[in-house]
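Listed below are the residues making up each chain.
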Amino acid sequence: MEKTVLQTPHAPSPIGPYSQAIQANNLLFISGQIAIDPATDQMIKGDIVEETHRVMQNLKAILAAAGMDFQHVVKTTIFILDMQDFSAVNEVYGKYFQESFPARETVQVAGLPRGARVEISMVAAK
């Protein structure tokens, strides 16, 4: 199996001992992304809609670094602090996919890094 570490300056640098993404053969495993602006390395200030857009932009940058886009995504996991935000997160998330939505689960959690309210990880395939 061929395994490649992916790193792009257009998405936040990891804040721990992990990689932005790992490509293994035709699969891309993207670590959970939170609403960190890669230009400033700071969490964005905004509501859950703005936070979710930033997360999706970070994921988009990592997909692009692998020569992929959201059409290649086969699986996502969404972690949110409050299920009351589910509808807003879901609406933003849905705008990034054209058709054939990936498999997904959404899980409410007790906390996320840096005070984030949403974190999303993805698996994509070429």
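What you see is a predicted model; the values in this text were computed from it and never measured.

Asks: How would you sum up the pairing of strand β2 (residues 21-24)? Please name residues and give values.
Replies: By the alternation rule, side chains of β2 split into A21 and Q23 and I22 and A24, which are all buried. Note: β2 against strand β3 (residues 27-33), four bridges, orientation antiparallel. Looking across to β3, one finds that A24 is bridged to L27. Hairpin connection of β2 to β3: two residues between the antiparallel strands, including N25 at a positive phi of 55 degrees.

Asks: So, the nonpolar core: which residues are in play, and what are the values?
Replies: In this structure, L28, M56, L63, F70, I120 and M122 are the most contacted members of the largest nonpolar core, which totals 33 residues. Looking at this core, the elements with two or more residues in it are β3, α1 (48-65), β6 (73-80), α2 (86-94) and β8 (118-125). Here this core gets seven residues from one element, more than from any other, and that element is α1. Residues within four places of L28 in sequence aside, it is in contact with L6, A21, I22, Q23, I62, L63, A66, M68, M122, V123 and A124.

Asks: Describe the pairing of strand β7 (residues 103-108), with residues and values.
Replies: Relative to β7, β6 is paired through six bridges, and the arrangement is parallel. Considered in β7, the bridge of T77 is made with E105. For the handedness criterion, the β-α-β arrangement of β6, α2 and β7 is classed as right-handed.

Calculation notes
- In this convention, every chain numbers its residues from 1, walking through the sequence in written order.
- pLDDT decides what is reported in this predicted model: residues at 70 or higher carry local features, side-chain atom pairs at 80 or more are listed and counted, and totals for whole chains, interfaces and linings draw on all residues regardless.
- To obtain the side-chain values, all non-hydrogen atoms of the structure were used and water was disregarded.
- Burial status follows relative accessibility: with a 1.4 Å probe on protein chains alone, a residue under 20% of its type maximum counts as buried, one over 50% as exposed, and anything between as partly exposed.
- What counts as a helix is a DSSP run of H or I of at least four residues, what counts as a strand is a run of E of at least two, and both are numbered from the N terminus.
- By the convention used here, strands pair only if DSSP detects at least 2 bridges between them.
- Here, nonpolar core means buried Ala, Val, Leu, Ile, Met, Phe, Trp, Tyr and Cys residues that are tied together by side-chain atoms lying within 4.5 Å of each other.
- What makes two residues a contact is simply this: any of their non-hydrogen atoms within 4.5 Å.
- Clockwise travel from the first strand over the helix to the second, with the strands pointing away from the viewer, marks a crossover as right-handed.

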